[in-house]
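Listed below, chain by chain, are the residues.
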Amino acid sequence: MSSALIPLLIIAAIITIGVLSYYFGKKQKILRRLSKLKRKDILQFRTNEPTKVTGKVLHVHEPFVAPFSKRKCVAFEFKIQQKKKRGKNSYWKTLIDEKNIQDFFIEQKDEVAMVTPKTNPFNFEIYLEEDKRVSSGFLNDPTPEFQNLLAAYKIESLNFLGFNKTLRYTERILEVGETVTVGGIAKWKAIDTTINGYSYSKIAALESNDRQKIIITDLPKAREVKRNNL
């Protein structure tokens, strides 16, 4: 094999790995799965039809409060990580990885649909954009807010020599009032409890079944309307 060909093969392999990682990544899988569902207004829901809808997040229960941004939300994912070295290489070690989600409404054109994600077993897939990132490290002291968060999880910001550890915090949330796209199986459910501001006896819902999980994302690309959905 020509020595000039080897670098080309290495570059081609790197590009191929990058393309495959992008295509099979969680973000693109969510978008592909949503693209297969029919976009409907809530009043157009047909029972047991795979459907997607875009609207505003409303809370059903007392919303969560995001650990760093302190914003009210119905779902959150956050990580605290520390940069470590292994030989000549470095990597991010996850110290804290927490996530939670609750039932919520999606509001569209003054109508609402109920979304009821479950974690045991999981009946949903979710991808949220990164909303907040903070870090600390050499010559980069943690902010008072970041320091308080680290202290709450009993994480020391300094190493044994007194220098800042290289730490980062990332936060993804589904904020109350945020635009969200949700896909699932359309249902009309009888209401057995009073819902504040809602006077009808049935409510629309997006649920899962054996073949279709609930899909939740705040990605702007998921809101795009294609011609076959018009």
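Everything in this summary refers to the structure shown in the same document. (Residues numbered from 1 in each chain as written. Predicted model: local features only at pLDDT ≥ 70, side-chain atom pairs only at ≥ 80, totals over all residues. Heavy atoms only, no water.)

Notes on the packing of aromatic side chains
Applied cut-off: Only the six-membered ring of Trp is used, alongside the rings of Phe and Tyr, when aromatic pairs are assigned; centres must lie within 6.5 Å, and planes under 30 degrees apart are stacked while those over 60 apart are edge-to-face, with the rest tilted. Where helices and strands are cited, they refer to DSSP runs of H or I of at least four residues and of E of at least two residues respectively, numbered from the N terminus. Relative accessibility thresholds used throughout: buried, under 20% of the residue-type maximum; exposed, over 50%; partly exposed, between the two (1.4 Å probe, protein chains only). Working rule: Lys NZ or Arg CZ, within 6 Å of ring centre, within 35 degrees of ring normal, means a charge sits over the ring.
Within the structure shown, the criterion is met by six aromatic pairs. Consider the rings of Phe-78 and Tyr-169, whose centres lie 5.6 Å apart with planes at 35°: the pair is tilted. Placement of Phe-78 in strand β4 (residues 72–86) and of Tyr-169 in strand β10 (residues 167–175) is noted, with a sequence separation of 91 residues between them. For Tyr-169, a relative accessible area of 0% corresponds to the buried category. Each ring, one from Phe-122 and one from Phe-124, has its centre 5.4 Å from the other, and the planes form 50°; the classification is tilted. Judged by relative accessible area, which is 9%, Phe-124 ranks as buried. Here the aromatic cluster, defined as three or more aromatic residues joined through ring pairs, consists of Phe-64, Phe-68, Phe-76, Phe-78, Tyr-153 and Tyr-169. The ring of Tyr-91 is capped by Arg-86, whose NZ or CZ atom sits 4.4 Å from the centre of that ring. The ring of Trp-92 is capped by Arg-168, whose NZ or CZ atom sits 3.9 Å from the centre of that ring.

Focus: helix α2 (residues 26–35)
Defined as follows: Think of it as the arc spanned by the lines of direction from the helix axis to the C-beta atoms.
When α2 is considered as a whole, its buried residues turn out to be Gln-28, Ile-30, Leu-31 and Leu-34. When α2 is viewed along its axis, its buried side chains cluster within an angular range of 160° and face the same direction.

As for the nonpolar core
For clarity, the cut-off: Grouping buried Ala, Val, Leu, Ile, Met, Phe, Trp, Tyr and Cys residues that are joined through side-chain atoms within 4.5 Å yields what is termed a nonpolar core. Here, two residues are considered to be in contact whenever any of their heavy atoms come within 4.5 Å of each other.
Counting 22 residues, the largest nonpolar core has Phe-45, Phe-104, Leu-174, Val-182 and Ile-216 as the members making the most contacts within it. Those elements that place two or more of their residues in this core are β2 (50–59), β4, β6 (104–108), β7 (111–115), β8 (124–127), β11 (179–190), β12 (202–207) and β13 (214–217). Those residues in contact with Phe-45 that lie beyond four places of it in its chain are Lys-40, Thr-51, Val-53, Ala-113, Ala-186, Lys-187, Trp-188, Ala-204, Ala-205 and Leu-206. Membership of the second largest hydrophobic core comes to 16 residues, among which are Phe-76, Leu-150, Ile-155 and Leu-167.

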